[in-house]
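Structure at a glance
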Amino acid sequence: MRSLLALTGVALTVRTAPLAAQASALGEPVTIAQRYALPSAVLGQTRRILVYLPPGYATSGKPYPVLYLLDGGLQEDFLHIAGIASLAADFRRMREFVVIGIEGIDRRHDLIHPTIIDSFRALAPTSGGSAAFRTFLTTELKPWAESHFRLTDETVLMGESAAGMFVVETLLRQPDLFRGYIAVSPMLWWDRQSLSKASAGLLARRPYPPGRRLYLTIADEGGEMREGVDRLVEALKRTPPPGLEWTFVPMEQETHGTTFHPAALAALRLFFAMPE
C-alpha cells in the first residue's frame, strides 16, 4: 500500500452561461494535477504535494525528467509552471517533464537559513529551517517521487526570492542533490549577504559532480539584493567549479513581482531543450 493518498484532483471550473441556462450547462472541471499528502518524519508535519504529469505519461511507458518546484502550491507558483510544462506537449522547443510542487506552510522557516543578527531574527522570527527542509527533500520527497512515478535522473530544483536563495544555498552546500538549479531573484541580502560572502569558499571546497547546471537571474532589484547576486556571479567567474555550467541572465526590464514567469520560461527552455 502506498505511503500517502491522493486527496483530490486540482480542478478549475469556468462558468459563462446565463443563470437560466446553468441548470443544463454548469460546465466540467478541468483537472491539471493530482494533490497528495506526504507525512514527513523529518519536519514533523504532513506536506501537500502537487504533481503534473505530461499528457502522454499514462500510455508512453517512458521515464521523464522532473522539476521540483518550491512555493509549489495551487495558490503559489504551481499553475504558472504547469502551464509552461503543458507547452512541451506541443513540442514548443521543450521536452516533456514532470512537475512536483511542494506547497508552502511557513516558507520563511523552510527556505531561509539561520541568522544570529537580532534585526533579521525580528524580521523573520521563524526562519532557520532550510537544512531540515533540504533533508526532507532528499530523504523523503525524492524517494517517494521516484518510487511512484517514472522519472529519469534529470532533476531540477527551482524557486524565486526566498526559494531562490534556498536553491542557491542547496547548490553551494549540497550540489549532488539535483542536476539543475534555477534561482530567480534570490534574496541574497538576507543575513547581511552571508551566503553570497561565503560563496567563493563553498564553490572552491570540492569538485562538483559532472553535469550540474545553474540558471541565475535577477530583476531590477538594486541595493543589497543586487550586491549579493553580483558577488555570487563574481565568485562563479573567479572559481568556477569543474562540473558546473552556469548562466546569468539579468532581467532588468522586469520587477520582483513580474520576473518569475519570463525567467521560468527562459530557464525551462534551456534545461529541457529539444535535441537539435
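The preceding data block contains the structure.
Residues numbered from 1 in each chain as written. Predicted model: local features only at pLDDT ≥ 70, side-chain atom pairs only at ≥ 80, totals over all residues. Heavy atoms only, no water.

What to know about the overall build of the chain
Our working rule: Only DSSP runs of H or I covering at least 4 residues are called helices, and only runs of E covering at least 2 are called strands; the numbering of each starts at the N terminus. Classification of residues uses two cut-offs on accessible area relative to the type maximum, computed with a 1.4 Å probe and protein chains only: under 20% is buried, over 50% is exposed, and between them is partly exposed. The contact criterion used throughout is that any non-hydrogen atoms of two residues lie within 4.5 Å. Every accessible area reported is derived by Shrake-Rupley at a probe size of 1.4 Å, with residue values counting cover from the shown protein chains alone.
On a plain count of helices and strands, the chain comes out with 9 helices and 9 strands. The buried share of the chain, taken over its 276 residues, is 48%. In the chain, the proportion of contacts linking residues at least 24 apart, taken out of those at least 6 apart, comes to 74%. Carbon and sulfur atoms make up 55% of the accessible area of the chain, which amounts to about 12,700 Å² in all.

Notes on the pattern of salt bridges
Note the cut-off: The working definition used for a salt bridge is a side-chain nitrogen of Lys or Arg within 4 Å of a carboxyl oxygen of Asp or Glu.
Enumeration over the complete set of coordinates arrives at 11 salt bridges. For R47, the salt bridge goes to D110, with nearest N and O atoms at 2.9 Å. With R47 in strand β3 (residues 45–52) and D110 in helix α3 (residues 107–111), this pair connects stretches of sequence that are 63 residues apart. With respect to class, R47 is no different from D110; both count as buried. Linking E169 and R173 is a salt bridge whose minimum nitrogen-to-oxygen distance equals 3.3 Å. Separated by 4 residues within a single helix, E169 and R173 lie in helix α6 (residues 162–173), roughly one turn from each other. In this structure R173 comes out as partly exposed when scored by relative accessible area, which is 34%. Bridged by salt links that share partners, the residues R134, E169 and R173 form one connected network.

A closer look at the environment of I84
Its location among the elements puts I84 in helix α2 (residues 78–88). C-alpha of I84 to C-alpha of A264: the two residues are 180 residues apart in sequence and 8.3 Å apart in space. Other than its neighbours up to four places away in sequence, I84 contacts M94, H261, A264, L265 and L268.

A short note on the nonpolar core
What counts here: Residues enter a nonpolar core if they are buried and are Ala, Val, Leu, Ile, Met, Phe, Trp, Tyr or Cys, with the set joined through side-chain atoms within 4.5 Å.
One finds L70, L137 and L141 to be the most contacted residues of the largest nonpolar core, which totals 56 residues. Other than its neighbours up to four places away in sequence, L70 contacts D77, I102, L111, F133, L137, L157, M158, G159, A163, F166 and V167. If you look at the next biggest cluster of nonpolar residues, it comprises 27 residues, including Y52, A82, I84 and F260.

Some words on the packing of α6 against helix α7 (residues 190–204)
For clarity, the cut-off: To get an axis, a line is fitted to the C-alpha atoms, and for a helix only the part in contact is used. The angle between two axes follows their N-to-C directions and goes from 0 to 180 degrees. By the definition adopted for this analysis, an angle is roughly parallel if under 35 degrees, roughly antiparallel if over 145, roughly perpendicular if from 65 to 115, and oblique otherwise. Note on convention: the crossing is left-handed when the near helix lies turned anticlockwise from the far helix by less than a right angle, right-handed when the turn is clockwise. Three classes are used, and their members are as follows: Ala, Val, Leu, Ile, Met, Phe, Trp, Tyr, Cys and Pro are nonpolar, Asp, Glu, Lys and Arg are charged, and the others, Gly among them, are polar.
At a closest axis distance of 10 Å, the pairing of α6 and α7 adopts a crossing angle of 30 degrees. Considering their axes alone, α6 and α7 lie roughly parallel with respect to each other. As for the relative orientation of α6 and α7, their crossing is left-handed in sense. The segment α6 lies against α7, with M165, V168, E169, L172 and R173 engaging W190, L195, S199, L202 and L203. Taken together, the residues that form the contact of α6 with α7 break down as 7 nonpolar, 1 polar and 2 charged.

Details of empty space enclosed by the protein
We apply this condition: Within this scheme a cavity is a closed region of a 1 Å grid, computed over the protein atoms alone, that accommodates a 1.4 Å probe without allowing it to escape, whereas a pocket is open but has protein on both sides within 12 Å along at least five of seven lines; lining residues each have an atom within 4 Å of a point. Grid points are joined across faces, edges and corners, and a volume is the space filled by probe spheres set on the points.
One pass over the structure, following the stated rule, counts 1 cavity of 30 Å³ or more. Quantified by volume, the largest cavity comes out at close to 40 Å³. Taken together, R47, L70, D71, I102, G104, R107, D110, L111 and F133 make up the full set of residues lining the largest cavity. Looking at which element gives the most residues to the lining of the largest cavity, the answer is α3, with 3 residues. When grouped by side-chain class, the residues that make up the lining of the largest cavity number 4 nonpolar, 1 polar and 4 charged.

Thoughts on helix α5 (residues 130–148)
The criterion, for reference: One less than the number of residues in a helix, times 1.5 Å, gives the span that helix is expected to have.
If you check α5, its first and last C-alpha atoms are 25 Å apart, about what 19 residues at 1.5 Å a residue would give, namely 27 Å. Burial in α5 covers these residues: S130, F133, R134, F136, L137, E140, L141, K142, W144, A145 and H148.

Observations concerning the side chain of S196
Note the following rule: Contacts described as polar in this section are N or O atom pairs within 3.5 Å, which, within protein, must combine one atom able to donate a hydrogen with one able to accept it, while residues neighboring in sequence count only if both atoms come from side chains.
Relative to the helices and strands, S196 resides in helix α7. Using a relative accessible area of 2% as the deciding quantity, one classes S196 as buried. A distance of 3.0 Å separates the side chain of S196 from the side chain of R231, its partner in a polar contact. Discounting residues that sit within four places of it in the chain, S196 has contacts with L188, G228, R231 and L232.

Thoughts on the packing of α5 against α6
The interhelical angle for the contact between α5 and α6, taken along N-to-C directions, is 75 degrees, at an axis separation of 11 Å. Classed by the angle they form, the pair α5 and α6 counts as roughly perpendicular. Residue-level contacts link S130, F133, R134 and L137 of α5 to F166, E169, T170 and R173 of α6. For the contact of α5 with α6, the per-class residue count stands at 3 nonpolar, 2 polar and 3 charged.

A look at the packing of aromatic side chains
Under the convention used in this document: What counts as a ring pair is set by centres within 6.5 Å for rings of Phe, Tyr and Trp (its six-membered ring), and what kind of pair is set by the plane angle: stacked under 30 degrees, edge-to-face over 60, tilted for all other angles. Placement of a charge over a ring requires the Lys NZ or Arg CZ to be within 6 Å of the ring centre, with the centre-to-atom vector within 35 degrees of the ring normal.
Tallied over the entire structure, the rule returns 12 aromatic pairs. When the centroid spacing of 4.3 Å and the interplanar angle of 15 degrees are considered together, the rings of F97 and F272 count as stacked. Pair noted here: F97 is in the loop between α2 and β5 (98–102) and F272 is in the segment after α9 (260–271), with a separation of 175 residues, a long-range link. Across this residue pair, the class does not change: F97 and F272 are buried. In this structure, R134 packs its charged tip against the face of F166, placed 4.9 Å from the ring centre. Above the ring of F271, the side-chain terminus of R213 is found at 5.0 Å from the ring centroid.

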